[in-house]
Amino acid sequence: MKIIVCIKQIPDTKDVRWTKDNNIIREGLISILNPYDLYAILFAKKIKEQIKNTEITLLSMGPNSASDSIEYGLAFNCDRGILLSDKRFSGADTLATAKTLKYAILNNIKTYDLILTGQFALDGDTAQTSYNLANLLKIPHIGYVQDFEEIKENELVVKSVKDNGIYKIKTKTPVVISISAFKDEIYIPKAIDYINAQKKEIQILSSADINANLDEVGIKGSPTYVFKAFRPENKRECVFKNDLIGELN
Amino acid sequence: MEILTYIQIENGEIEEHSLDLISYAREIGNNAVISSVIVTSGENIDFSILKKFGCEKLYLIKTEQKEFDKRKNSYLATKLIKEINPDIFILNSTTEGREIAPVIASELEVGLTADCTKLEIADNRLISTRPTFGGKLMASVMSKKNPQMATLRVNTFKKKEFEIEKFEIVELKYDENLSDMPNVQTEILEFIENKKDFENLENAKIIFAGGMGLKTKENFDKLKLLAKKFNAKTGGTRKAVDKGLIEKEFQIGQTGLTVTPEIYVAFGISGAIHHIIGMENSKKIIAINSDRSAPIFQTADIGIVGDAVKIIESMLE
């Protein structure tokens with residue numbers, strides 16, 4: 001089975017500091033792999049342990065430094081990484097991002113059975129790109145997936161947990177699946193996994209490499225734009241006390 | 001100008017928060033026509049309630065799919081939008097809204113802003129404001145093309161009655177055997193509906209919520225017992241739900257419920273942003289955590305540094 005896991009490197013939201021003009025202070029900023037994308041990688045790893053000849057490609061869009069997250073992801077028994085990096089991609093909203101991924105998938109990766117993504121990214125938290133991508137590729141999308149019940153070469157049964165209830169859904173491949181939780185113990189890579197990861201290839205592709213229509217990517221291809229940004233007021237001031245009962249009345 | 005709202009159907013009824021969405025559209029809509037779209041196979045739904053909360057026109061798309069099956073909704077709604085060209089199209093930020101909206105937006109190649117906490121209209125342009133970077137920055141986003149789309153965080157606005165003169169229902173039926181509906185290739189084998197007890201949680205005056213600091217199911221049972229004593233309802237964080245300490249229908253936060261009680265007590269909750277989103281608009285927030293630097297205290301009015309389990313046990317005595 002050929003799996004693509006779409007991942008995103010994000011600033012650690014616990015750690016973000018701002019200038020007066022609401023720009024991120026890049027200096028000293030810690031970048032991490034979006035935790036939901038790690039769940040997607042763990043699902044891919046789990047599938048690889050069950051289905052013979054599974055190949056996992058990690059696909060990301062971002063600056064060159066985003067290859068750090070790909071390299072980390074490769075330590076989870078993934079096979080190769082592709083980073084889409086080009087200043088023409090910057091400023092992309094979800095639709096422009098999905099179109100960029102689409103170009104790389106159709107023109108470079110070409111064959112795939114399963115595309116896995118995290119349900120959310122902790123920085124932007126739009127949870128839209130995977131749906132856009134599936135719709136652009138004209139393949140089904142299943143979101144809020146927490147478990148696989150059955151995995152076969154060309155067919156999957158998954159558990160999708162939504163507001164109104166739990167759906168058990170059967171799908172043929174190719175399909176896009178977004179992961180919202182991972183219930184097994186999270187694998188912690190060993191030194192040897194990191195050593196092996198360093199030997200694996202990370203391809204860096206530009207807009208020309210993926211044959212992208214430049215009107216459809218980056219800020220130019222984005223139907224939305226940020227009109228203004230501001231810091232929210234801190235509404236609460238915590239007072240420390242010792243007694244709960246007194247506060248409940 | 002027309003603002004189209006997406007109305008959800010649950011258990012053969014209009015879902016409660018959909019009425020909030022219509023009222024909000026009416027509230028911010030100036031002179032716009034407020035319309036709604038419903039995709040349903042339901043027969044005995046009382047649609048007149050939409051008028052009460054500000055809707056003037058309902059596009060009712062009849063479908064043959066089962067009530068819980070929403071696989072065709074985005075495609076059928078897209079057909080309607082292509083026909084009527086609304087200026088603005090908004091949905092609630094429920095799992096259903098957040099699944100349907102991006103499919104429609106990419107099909108129409110228009111912009112979509114997710115999970116907004118404020119919508120405004122100026123010169124027929126929609127300004128959608130949403131928290132980013134874990135709530136540390138607010139971004140106001142605009143769209144270059146119509147329909148301008150956004151999903152609205154649930155419980156941002158409470159429904160409100162309006163005097164509406166006329167209300168019409170336009171019934172529509174589209175061909176459902178279309179090849180451009182990839183999700184139809186999937187098959188729903190089983191659907192287990194949530195118990196509806198969580199509605200009580202959404203309307204509760206006092207909520208006792210537990211996190212991973214409670215460690216075991218037994219401790220959650222103690223929390224439930226304590227809640228009963230204080231006439232409170234019990235909820236939990238996503239991690240607690242994932243670990244099976246409390247049932248999914250009591251999950252508060254993103255991918256769970258948004259609650260706004262008079263008093264919210266967080267027992268052993270660290271305060272991950274995904275939890276905060278679901279409770280930050282509670283009137284009074286009390287947090288109990290053994291770690292004084294836990295982020296939950298930044299969202300609390302009252303903080304108690306201590307072992308949540310010991311506090312629960314001593315209060316039960």
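Residues numbered from 1 in each chain as written. Chains lettered and ligands numbered in written order. Predicted model: local features only at pLDDT ≥ 70, side-chain atom pairs only at ≥ 80, totals over all residues. Heavy atoms only, no water.

*Asks:* In this structure, what is going on with the overall build of chain A? I would like to understand it.
*Replies:* What chain A contains, in helices and strands, is 6 helices and 13 strands. Computed over C-alpha atoms, the radius of gyration of chain A comes to 20 Å, within 12% of the 18 Å expected from 2.2 N^0.38 for 249 residues, which places it in the range of a compact globule. Across its three principal directions, the C-alpha atoms of chain A cover 60 × 40 × 40 Å. Looking at chain A as a whole, 55% of its 249 residues qualify as buried. (Helix = DSSP H or I, 4+ residues; strand = E, 2+ residues; numbered from the N terminus. Rg over C-alpha atoms; globule rule 2.2 N^0.38 Å. Buried < 20%, exposed > 50% of the residue type's maximum accessible area, 1.4 Å probe, protein only.)

*Asks:* Which parts of the structure should I look at to understand the nonpolar core?
*Replies:* The nonpolar side chains of a soluble globular protein tend to be buried, and buried together. One finds Val5(A), Leu116(A) and Ile177(A) to be the most contacted residues of the largest nonpolar core, which totals 72 residues. Ranked by residues supplied to this core, first place goes to helix 1 (residues 35-50) of chain A with 9 residues. Apart from residues no more than four positions distant in its own chain, Leu116(A) is found in contact with Ile3(A), Ile4(A), Val5(A), Cys6(A), Ala40(A), Phe43(A), Ala44(A), Phe148(A), Ile177(A) and Ile179(A). Counting 45 residues, the second largest nonpolar core, distinct from the first, contains Leu214(B), Leu223(B), Ile246(B) and Leu257(B). (Core = buried A, V, L, I, M, F, W, Y, C linked by side-chain atoms within 4.5 Å. Contact = heavy atoms within 4.5 Å.)

*Asks:* I keep staring at the packing of helix 3 (residues 94-109) of chain A against helix 4 (residues 129-137) of chain A and nothing clicks. Help me out?
*Replies:* Relative placement of two packed helices is described by the angle separating their axes and the distance separating the axes. Residues and elements named next belong to chain A. Across the interface, helix 3 lies against helix 4 with an axial gap of 8 Å and an inter-helix angle of 50 degrees. Judged by the inter-axis angle, helix 3 sits oblique to helix 4. Taken as a pair, helix 3 and helix 4 cross one another with a handedness that is right-handed. Contacts from Thr94, Leu95, Thr97, Ala98, Lys99, Leu101, Lys102, Ile105 and Leu106 in helix 3 reach Thr129, Asn132, Leu133, Leu136 and Leu137 in helix 4. (Axes fitted to C-alpha atoms, helices over the stretch in contact; angles between N-to-C directions. Parallel < 35°, antiparallel > 145°, perpendicular 65-115°, else oblique. Left-handed = near helix turned anticlockwise from the far one by under 90°.)

*Asks:* Mind showing me how you'd approach the interface of chain B and chain A here?
*Replies:* Size of an interface, as often reported, equals the accessible area lost when the parts are brought together. With 80 residues of chain B at the interface, the matching set in chain A holds 73 residues. When the two sides are added together, the surface that chain B and chain A hide from each other amounts to roughly 6,700 Å², 56% of it contributed by carbon and sulfur. Considering only the surface of chain B that becomes buried against chain A, Glu99(B), Phe133(B) and Lys136(B) emerge as the three largest contributors, covering 10% of it. Residue Glu109(B) pairs with Lys99(A) through a salt bridge whose shortest N-O separation is 2.8 Å. (Buried area = accessible area lost by both parts, 1.4 Å probe. Salt bridge = Lys/Arg side-chain N within 4 Å of Asp/Glu carboxyl O.)

*Asks:* Mind showing me how you'd approach the side chain of Asp125(A) here?
*Replies:* Inspection of the secondary structure puts Asp125(A) in the loop between strand 6 (114-118) and helix 4. When its relative accessible area of 10% is taken as the criterion, Asp125(A) is described as buried. Once you skip the residues sitting within four places of it in the chain, Asp125(A) turns out to touch Phe120(A), Arg98(B), Asp115(B), Arg130(B), Gln254(B) and Ile277(B).

*Asks:* Honestly, the pattern of salt bridges in this entry has me stumped. Any pointers?
*Replies:* For side chains of opposite charge, pairing can occur when their charged atoms come near one another. Residue and element names in this part refer to chain A. For the structure shown, the criterion picks out 36 salt bridges over all chains. Across the salt bridge formed by Lys46 and Asp184, the nearest N and O atoms sit 2.9 Å from each other. Linking Lys46 in helix 1 with Asp184 in the loop between strand 10 (175-179) and helix 5 (191-199), this pair joins segments that are 138 residues apart in sequence.

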